[in-house]
Every structure is written in structure tokens, then in C-alpha cells.
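Okay, here's what each chain looks like letter by letter:
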Amino acid sequence: MAHPIERTRSRVRLQVNGERYEGELDHRVTLLDLLREHLGLTGAKKGCDHGQCGACTVLVDGRRANSCLLLAVAQDGADVTTVEGLGPAGPNPLQEAFLERDAFQCGYCTPGQLCSATGLLAEAAAAPGSADLSRAGIAEGMSGNLCRCGAYPRIVDAVRDVVAARENAAPGGAVRGGAVRGEAVHGEAVHGEAVHGEAVRGEVGA
Amino acid sequence: MKPFAYLRPTGLPEAVAAHGGRPGSRYLGGGTNLVDLMKLGVEAPDTLVDLTGLPLASVEETSDGGLRIGSGVRNATLASHPLVRTRYPVLAQAVLAGASAQLRNVATTGGNLLQRTRCPYFQDVAKPCNKREPGSGCGARDGSHRDHAVLGHSPQCIATHPSDLAVALAVLDASVELHGPDGTRSVPAAAFHRLPGEHPERDTVVEPGEIVTAVLLPPETAGLPCRYRKARDRASYAFALASVAALLDIADGRVRRVALAFGGLAHRPWRASAAEELLRGADPTETAVRQAVEAELAGAQPLRDNAYKVPLARNLACDVLLALARAARS
Ligand SMILES: Cc1cc2nc3c(=O)[nH]c(=O)nc-3n(C[C@H](O)[C@H](O)[C@H](O)COP(=O)(O)OP(=O)(O)OC[C@H]3O[C@@H](n4cnc5c(N)ncnc54)[C@H](O)[C@@H]3O)c2cc1C
Ligand code: SF4
């Protein structure tokens, strides 16, 4: 049975960094290409273009995602935040922490790292019981963002600083509880390397 | 990429009709695998039927005390669901051991089960590959196959299935619900993926045009001690070289119920029924566990460059089973 490919373009409406976008797009356009090539938002980077490096990370309806693997047409109606939208009125505390900790060298992965860390902190705030904001937990939570310069320890430092600031602002608060649990339980993941580069995620519900 | 039509139906019958079982149609979940393969030219659909508009994105308790996971439930949502974490922790662990937080936010339960192999020859359209192009040969057999299968492979294909989630489902005795032009059916999760045999182009038992609508977790395995462990080249964000899902229920020092499955070793999650047989009713001592696991892996047929997987899988399985046995004693 032949099936006519009636249309290969569609109207797409999105909210990007608080502004409305509406346009007719070829179905092949990824969210990353829409941002970079159509909207001039070049913060999100095209690293691998296959979901393997995280440089294209943006927030879609508040959740971090690799924009290179999302078809723009499939995101119709979504609310997208890129690194340009994180601190519209100047660097936000996370961005300050990256500066303070020198959490980069070349800076290519940084927009993705910032969006990913924003997503990580939001996930922790939404599910305090299961969030792990220990150093090992942050490293695991940020593992979808590669850094060729190897700034990982400082990226973890920067995220920890923001976590610590939040804990101090709300002593005994939700985020803190998660961190304490994580520190105690998840330490194992780091030492998992001993057995053939293995990570142990054996603690859920254990 | 070839131009394609894009549809986002809101009802199941419309979705099945839009796909029509045609060779050029593909269902779209999160797209984290399909869009990747379209960029590589491995997939070139003329029509995408996006399933994310269907009401398939919830986790619900069933009347018999099990769980029904809609195929549209995102991997992150699945892993953080309180009932999954408390009743079927091996499933949450397996999902969290896969991919990255970004990918898990987007990837769906159905898409995860139906993701294609990561065999580099399959992903490179310039190379021979019986799975991508039946009859063209298997580039990996005499080529680079360090990540490939040691169990159940065929002369035609030595690929492994990359899903972590599927390995956990195999030990939970889950089933997969399918809906197609001929109605609804359900298949055991352990029989959902195929061995390659003569037809490596067929990863699963899904018929053209069928939609995975849900995964069903039975009440029998709810709350039983279970665990997932994965070995990979780096500590996170890498596919399994070998992984193990195990469920071990011990009463009066004897194994009452056991299920063991390997990931990364075969074209499908490898349910270790020989090992299970030996352990059922036994006292799970170190010797008993080791003998059982070794009996299972005795049938392994490693290739030139992947023999390391056999001891790796053995050690992982012994470690996980013995940890479960220790936990039961204390
Ligand atoms: C860098 C990287 C690392 C990864 N690491 C891991 C890992 O360690 N472990 C792991 O398990 N996975 C890993 N993945 C794979 C990831 O889990 C899958 O890509 C994802 O689960 C696929 O889900 P999706 O919804 O995006 O599927 P899609 O890409 O949308 O679809 C995949 C396939 O399933 C079909 N399909 C989708 N939904 C349905 C349905 N409901 N019914 C019928 N057919 C359907 C599609 O037509 C397509 O053929 C990784 C992926 C990447 C890119
Ligand atoms: S192992 Fe399978 S997927 Fe890989 S090249 Fe051979 S036939 Fe293709």
C-alpha cells in the first residue's frame, strides 16, 4: 500500500528562554539546529551530534535533554531554556560558582554543563529522598557531559558550592537530607573502578 | 536524512492506522536511538508516528498487586517511581546504570526495549552487516568484536542487545504488552528479544506495525531481594561489557526462588536457567553459587577478542548472588 508523504514540514511553536517562537520547519530539523541556525542561540554546542557528549544539553520543560537528538517538530508546545536563558540578568549562582572554581578550560562544554547542573539541582529538589548530591553523586549525575579538558573535579566543586549554599540557606532542608544519605551510601560508586571500570548502582531501595 | 512525514496521533487505533505496518513507517518514542540512526543513514523512514501523544505515560498498580508501566513512561520517571524503587529495585538500578540523566529524561520504556544494537558495523552503512542488510555478511565476526556476544550467537550475527532495563525485566518475570492491527497480546519479557539465528535483522518478536503499549510487572516478584550490577569501560555513561540482574529469595537457608540474567553477553538478555536449576532448593554457599554460574557459562563460545567476558560475567554473577545471600542471612 503506497502512502503519500503528504507533508515534510510543519508549523512549530515553542517558548525559548521566555520568548515565543513560531515557524514552519522541515521535520528533519533538530532542536539544536533550530536554536543555533534559526534562532542564533549558539550557546548549546554541536559536539558529537549523537547524544554522546552532552555539549548540546538544554532544559525542555525544566528537564535536561540532549537537543541534538530531539526533533524540533516533536517538541511543539515545549518550553525550552538554553544557557542564554539561565542568567538573563547576569550570572546566576551556578554560573558564579563555575567562574569562582575555574570549572573549565576551553569552555566548549560549559553551556551544556551549566544546563545539566541546573537540571540536576532541580531533580534533587523535586525528589529529595532519592537525590545524591555527594561528590560521587554529582559526578554520576553529571556523567552525561564530557569535558575534553578534564575539568571534572572543579565542575563537581562548583556544583557542590551551590548545594552547600542552598543547605546553609535552608538548614535541615530537603537538599541536605539527600546529600547526607548519598555521601554515606554511594561512596562505593567511585571505588567501583577496581573491578574493570565498574560503577555500582546497587543502592536503590537496598 | 531523507524527508519524512510526521504524525502525532492521540489514540491507539489512529497510531496503528498511521503506521500501517509499512516498511517505511517508524514509531517514535523519545527518539534517542531512532533519530541517531536516521542521522547515520541506518534508518531512513518516510513516516514517523510519534507515540508521545498517546495516553501511555503512566505507572499504575494492577488489581492483582503488580505494576503496569506504560510504554511512554520515560526512563527517569520509571527509575524514580516510589513503587518501582521499593518493590522492584533491580529495575530502578538497571535503568539508572544506563545512558545519562539527559538521555533517561527523554528515552521511553518502549523505545529502550526496542533500541538497536551498538555494533559499530551495524551503525556504519559502508560496512557489511547482516542485521542492517541481510546477506551482506557480518563485519564484526572477523573484525572488531571485543564488545560482542559470547552466548547464543550465530554465524550470521554476533551482536549484543544494549538495554540494561530489559535484563532487569527478565528476572522479574515481567511481560510486554503489544497492540497491533490484530488486537492486543502479551509476551514474556524473557522471550521478547530473539536470538539472531538466520534472521539477525529481527531483534524482537514484535510484528510490523505493532506498538509496545506496556510492561507488566507481576505481584510474585514484588518485594523480593534483587540487584543489578554492570561492568563497563568507564564508571558511568557506557554500555555494559557484561551485566547481571539477580533475584534471590531464601527461606530456612535454602533458595526458594532464584532468577539470574546476563546483559552484554548475547543478542537478548540471557536468562541463566541452568544456573537457576542448580540453585533452586540449595544452600547458596560460595561453592554452590560458583558451580551454578560456571555451569551456565560452560556453554559460552567466546570469539577471538572477547573471552574476557566469561570470567567477568562469572565474577559479577557470583558477587551479586553472594551479596544477596549474605543480606538474607543478616
Ligand atoms: C550515548 C548513549 C548512551 C547510552 N547508554 C545506554 C546504556 O548504557 N544502557 C541502555 O540500556 N541504553 C543506553 N542508551 C540507549 C537508550 O537507552 C535508548 O536510546 C533509549 O532507551 C531509546 O528510547 P527512545 O524512547 O528514545 O526510543 P526511540 O529512539 O524513539 O525508538 C527506538 C526504537 O523503538 C521503536 N519504538 C519506540 N517506542 C515504541 C513503541 N512503544 N512501540 C513500538 N516501537 C517503538 C522505534 O521505532 C525505534 O525503532 C544510550 C544511548 C546513547 C545515545
Ligand atoms: S554482529 Fe550483527 S550487527 Fe554486528 S556486523 Fe555482524 S551482523 Fe551486523
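The following paragraphs examine the structure supplied in this document. Model, not experiment: these values are computed from the prediction.

### A short note on the overall build of chain B
Here comes step 1: If you tally the helices and strands in chain B, you get 11 helices and 12 strands.
Here comes step 2: Referenced to the eigenvectors of the C-alpha coordinate spread, the extents of chain B come out at roughly 60 × 50 × 35 Å.
Here comes step 3: Counting across all 330 residues of chain B, residues that qualify as buried make up 60%.
Here comes step 4: Taking the intrachain contacts of chain B between residues at least 6 apart in sequence as the baseline, contacts between residues at least 24 apart amount to 64%.
Here comes step 5: Just so you have it, chain B exposes about 12,100 Å², and 51% of that area is on carbon and sulfur atoms.

### Here we look at the sheet that holds strand β2 (residues 25–28) of chain B
Residue and element names in this part refer to chain B.
Here comes step 1: As summarised here, the arrangement of the 3 strands in space is β1-β3-β2, forming an open sheet in which the pairing is parallel. Only two strands of the sheet have a single partner each, and these edge strands are β1 (5–7) and β2. Geometrically, the sheet is characterised by an average inter-axis angle of 20 degrees between neighbouring strands, direction not taken into account.
Here comes step 2: Docked against the sheet, helix α1 (residues 12–19) engages β1, β2 and β3 (47–50), running at close to 145 degrees with respect to β2.

### Some remarks on the site of ligand 2
Here comes step 1: In the vicinity of ligand 2, 15 residues are found, and the nearest of them are B:Cys119, B:Cys129, B:Cys138, B:Cys157 and B:Ile158.
Here comes step 2: By residue class, the composition of the shell around ligand 2 is 10 nonpolar, 4 polar and 1 charged.

### Concerning the site of ligand 1
Residue and element names in this part refer to chain B.
Here comes step 1: Near ligand 1 there are 35 residues, and of these Tyr-27, Thr-32, Leu-34, Thr-108 and Asp-164 occur at the shortest range.
Here comes step 2: In the environment of ligand 1, an oxygen atom lies 2.7 Å from a nitrogen or oxygen atom belonging to the backbone of Gly-31.
Here comes step 3: Residue Val-212 places a main-chain N or O atom 2.8 Å away from a nitrogen atom belonging to ligand 1.
Here comes step 4: Relative to its free-state accessible area of 980 Å², ligand 1 is covered by the protein chains to the extent of 95%.

### Section: the interface of chain A and chain B
Here comes step 1: The interface is formed by 47 residues belonging to chain A together with 50 residues belonging to chain B.
Here comes step 2: Summing the contributions of chain A and of chain B, the shared interface buries around 4,100 Å²; its carbon and sulfur component is 55%.
Here comes step 3: Taking the shortest distance from any N to any O, the salt bridge between B:Lys39 and A:Asp49 comes out at 2.8 Å.
Here comes step 4: On the surface where chain A and chain B come into contact, there are 15 residue pairs in polar contact (both at pLDDT 80 or more).
Here comes step 5: Of the residues forming the side of chain A that touches chain B, the biggest block, 4 residues, is contributed by strand β4 (residues 63–66) of chain A.
Here comes step 6: Grouping the constituent residues of the side of chain A that touches chain B by class yields 15 nonpolar, 20 polar and 12 charged.

### Considerations on the nonpolar core
Here comes step 1: Judged by nonpolar contacts, the single largest core of 41 residues is most densely connected at B:Leu91, B:Leu169 and B:Leu217.
Here comes step 2: For this core, the leading source of residues is helix α8 (residues 165–171) of chain B, giving 7 residues.
Here comes step 3: Contacts of B:Leu217, omitting those with residues within four sequence positions, involve B:Gly66, B:Leu67, B:Ile69, B:Tyr88, B:Leu91, B:Leu169, B:Leu172 and B:Ala174.
Here comes step 4: Core analysis: the next-biggest nonpolar cluster, separate from the first, contains 35 residues, A:Leu25, A:Leu35, A:Val73 and B:Val106 among them.

### Describing helix α5 (residues 152–169) of chain A
Here comes step 1: If you check α5(A), its first and last C-alpha atoms are 26 Å apart, about what 18 residues at 1.5 Å a residue would give, namely 26 Å.
Here comes step 2: For α5(A), every residue scored as buried is listed here: A:Ile155, A:Val156, A:Asp157, A:Ala158, A:Val159, A:Arg160, A:Val162, A:Val163 and A:Glu167.

### Comments concerning the packing of helix α2 (residues 93–101) of chain A against helix α3 (residues 110–126) of chain A
All names here are of chain A.
Here comes step 1: Following both chains from N to C, one finds α2 and α3 inclined at 130 degrees, their axes separated by 10 Å at the closest point. In terms of their interaxial angle, α2 and α3 are classed as oblique. Read as a crossing pair, α2 and α3 show a hand that is right-handed. Here α2 contributes Leu-94, Gln-95 and Phe-98 to the contact with α3, which in turn contributes Thr-110, Gln-113, Leu-114, Ala-117, Thr-118 and Leu-121.
Here comes step 2: Here the residues of the contact of α2 with α3 sort into 5 nonpolar, 4 polar and no charged.

### Overview of the side chain of B:Arg232
Here comes step 1: The topology assignment puts B:Arg232 in the loop between β9 (226–231) and β10 (242–251).
Here comes step 2: This buried residue, B:Arg232, is left without a salt bridge; A:Glu140 holds the nearest opposite charge, at 4.9 Å.
Here comes step 3: At 3.4 Å, the side chain of B:Arg232 forms a polar contact with the backbone oxygen of B:Ala235.

Calculation notes
- Residues numbered from 1 in each chain as written.
- Chains lettered and ligands numbered in written order.
- Predicted model: local features only at pLDDT ≥ 70, side-chain atom pairs only at ≥ 80, totals over all residues.
- Heavy atoms only, no water.
- Helix = DSSP H or I, 4+ residues; strand = E, 2+ residues; numbered from the N terminus.
- Buried < 20%, exposed > 50% of the residue type's maximum accessible area, 1.4 Å probe, protein only.
- Contact = heavy atoms within 4.5 Å.
- Areas by Shrake-Rupley, 256 points an atom, 1.4 Å probe, with all protein chains shown as cover.
- Pairing = 2+ DSSP bridges.
- Axes fitted to C-alpha atoms, helices over the stretch in contact; angles between N-to-C directions.
- Near = heavy atom within 4 Å.
- Nonpolar A, V, L, I, M, F, W, Y, C, P; charged D, E, K, R; others polar.
- Polar contact = N/O pair within 3.5 Å; in protein donor to acceptor, adjacent residues only side chain to side chain.
- Buried area = accessible area lost by both parts, 1.4 Å probe.
- Salt bridge = Lys/Arg side-chain N within 4 Å of Asp/Glu carboxyl O.
- Core = buried A, V, L, I, M, F, W, Y, C linked by side-chain atoms within 4.5 Å.
- Expected span 1.5 Å × (residues − 1).
- Parallel < 35°, antiparallel > 145°, perpendicular 65-115°, else oblique.
- Left-handed = near helix turned anticlockwise from the far one by under 90°.
- Lys, Arg positive; Asp, Glu negative; His and termini not counted.

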